Amino acid sequence: GLHLIVHYSRGSLEQTGDGHFSPIGAYHPERDLVLVLDVARFKYPSYWVSVERLWEALHPVDAETGLSRGWLTL
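The present account deals with the structure reproduced in this document. (Residues numbered from 1 in each chain as written. Predicted model: local features only at pLDDT ≥ 70, side-chain atom pairs only at ≥ 80, totals over all residues. Heavy atoms only, no water.)

**Let's talk about the sheet that holds strand β5 (residues 70-73)**
- Spatially, the five strands line up as an open sheet ordered β4-β3-β2-β1-β5, and their pairing is antiparallel. Sheet topology places β4 (47-50) and β5 at the edges, where each strand pairs with a single neighbour. When strand polarity is set aside, the average angle formed by the axes of neighbouring strands in this sheet is 40°.
- Relative to strand β3 (residues 33-36), strand β2 (residues 19-28) is paired through four bridges, and the arrangement is antiparallel. The partner of isoleucine 24 across the bridge, within β3, is valine 36. (Pairing = 2+ DSSP bridges. Helix = DSSP H or I, 4+ residues; strand = E, 2+ residues; numbered from the N terminus. Axes fitted to C-alpha atoms, helices over the stretch in contact; angles between N-to-C directions.)

**Considering the pattern of salt bridges**
- Tallied over the entire structure, the rule returns two salt bridges.
- With its nearest N and O atoms 3.1 Å apart, the salt bridge here joins aspartate 38 to arginine 10. Placement of the pair is aspartate 38 in the loop between β3 and β4 and arginine 10 in the loop between β1 (4-9) and β2, with a sequence separation of 28 residues. Here the two residues aspartate 38 and arginine 10 agree in accessibility, since each one is buried. (Salt bridge = Lys/Arg side-chain N within 4 Å of Asp/Glu carboxyl O. Buried < 20%, exposed > 50% of the residue type's maximum accessible area, 1.4 Å probe, protein only.)

**Observations regarding unusual backbone geometry**
- A positive phi angle, close to 60°, is found at glutamate 14, a residue other than glycine.
- Within the secondary structure, glutamate 14 sits in the loop between β1 and β2.
- Overall, glutamate 14 belongs to the exposed group, its relative accessible area being 72%.
- Residues other than glycine seldom take positive phi values, yet aspartate 32 does so here, at roughly 55°.
- As for its position among the elements, aspartate 32 is in the loop between β2 and β3.
- Taking relative accessible area as the criterion, aspartate 32 reaches 35% and is therefore assigned partly exposed.

Scope: geometric values only; no functional claims are made or implied.
Put into structure tokens, the structure is as follows:
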């Protein structure tokens, strides 16, 4: 199967911290939401976020690499 991992800015989603990697667990087409399976479950449980907000969270530049964040498929 196809797996999607996102590298996003937590700050863009009004969370503490900055760059973070998490897998996407599901997509809700009627509401245009994705389920982020946060790997730091001690900090944030899994949550639904709009595709638009997550897309915006991929754009802030990573201070270490000088590049914007993104996604990868496995």
